[in-house]
Amino acid sequence: MQNDMHKDHELIRKFQNGDSKSFDKLVRAYLPQMMGFFIKITNDRMLAEDLCQDVFLKLFKYLKKFRFESTFKTYLYRININTANTWITRNKWRNILGLDKVPEPTQLNQDIERDWKQIELKEAISRLPKKQRSVVLLRVNDEFSYSQISEITGMSEATAKVNFHHAKKKLVEIINEK
């Protein structure tokens, strides 16, 4: 971890001094993790690629101002979470209706039921308050520890745990109200 942080910071310094190939190296290093993160949220590879591109465009613009106060991974995941929250909020109606996830009539009933449960869970997650939604996405999608979530979101570990606990209770309420 420390070695990766040092390597990332070295690449960022080079990028800040005009070496664009350093930015390309950061993209190659973190793209697989980011794709996995966004695919889990969207269930759509092309959409995940678009969201990754949005993140890297933001990163390209703001990385020149990176102050080395946190790890690059923390900085990147803050952008990921903000991008995911924006996408979820903007597309809430599609999540609620599940219009792009309607199963084919030829699928087995078990597949249909599983798909609709996933849609229902994603809709429920989209209805969580922003902090709770962020903790759930990081904890469930990327299996981050509370310590890592704390570093990424800026909230304490205890606050992250409380938000996750409240989110689980809220998700049960949302799903049971149907």
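Residues numbered from 1 in each chain as written. Predicted model: local features only at pLDDT ≥ 70, side-chain atom pairs only at ≥ 80, totals over all residues. Heavy atoms only, no water.

1. Describing the packing of helix α8 (residues 146-153) against helix α9 (residues 157-176)
Then, in step 1: Where α8 meets α9, the closest approach of the two axes is 8 Å, and the angle between their N-to-C directions is 105°. As far as their axial angle goes, α9 and α8 are roughly perpendicular. Here Tyr146, Ser147, Ile149 and Ser150 of α8 lie close against α9, whose contacting residues are Glu157, Ala160, Lys161 and Phe164.
Then, in step 2: Within the contact of α8 with α9, the residues separate by chemical class into 4 nonpolar, 2 polar and 2 charged. (Axes fitted to C-alpha atoms, helices over the stretch in contact; angles between N-to-C directions. Helix = DSSP H or I, 4+ residues; strand = E, 2+ residues; numbered from the N terminus. Parallel < 35°, antiparallel > 145°, perpendicular 65-115°, else oblique. Contact = heavy atoms within 4.5 Å. Nonpolar A, V, L, I, M, F, W, Y, C, P; charged D, E, K, R; others polar.)

2. Section: the pattern of salt bridges
Then, in step 1: Following the criterion strictly, the structure yields 3 salt bridges and no others.
Then, in step 2: When the shortest N-O distance is used, the salt bridge between Lys14 and Glu10 registers 3.7 Å. A residue pair is termed a helical-turn pair when its members lie 3 or 4 positions apart in one helix, as Lys14 and Glu10 do in helix α1 (residues 2-16) at 4 residues.
Then, in step 3: Arg45 is the partner of Glu49 in a salt bridge, and the nearest nitrogen-oxygen pair spans 3.7 Å. With Glu49 and Arg45 both in helix α3 (residues 45-62) and 4 residues apart, this pair spans about one turn of that helix. (Salt bridge = Lys/Arg side-chain N within 4 Å of Asp/Glu carboxyl O.)

3. A short note on the layout of surface pockets
Then, in step 1: Taken as a whole, the second largest pocket holds about 210 Å³ of empty space.
Then, in step 2: Elements represented by at least two residues in the lining of the second largest pocket include exactly α1, α2 (20-42) and α4 (72-90).
Then, in step 3: No other element matches the 5 residues that α1 contributes to the lining of the second largest pocket.
Then, in step 4: Residue composition of the lining of the second largest pocket, grouped by class: 6 nonpolar, 2 polar and 5 charged. (1 Å grid on protein atoms, 1.4 Å probe; cavity = no way out; pocket = protein on both sides within 12 Å on 5 of 7 lines; lining within 4 Å. Points joined across faces, edges and corners; volume = space filled by probe spheres on them.)

4. Re the confidence of the model for the protein chain
Then, in step 1: Overall, the predicted model of the protein chain reaches an average pLDDT of 82, with 82% of residues at or above 70.
Then, in step 2: In the predicted structure, residues 102-108 sits below a pLDDT of 50 and forms 7 contacts with residues beyond four places in sequence or in another chain. (pLDDT = per-residue confidence, 0-100.)

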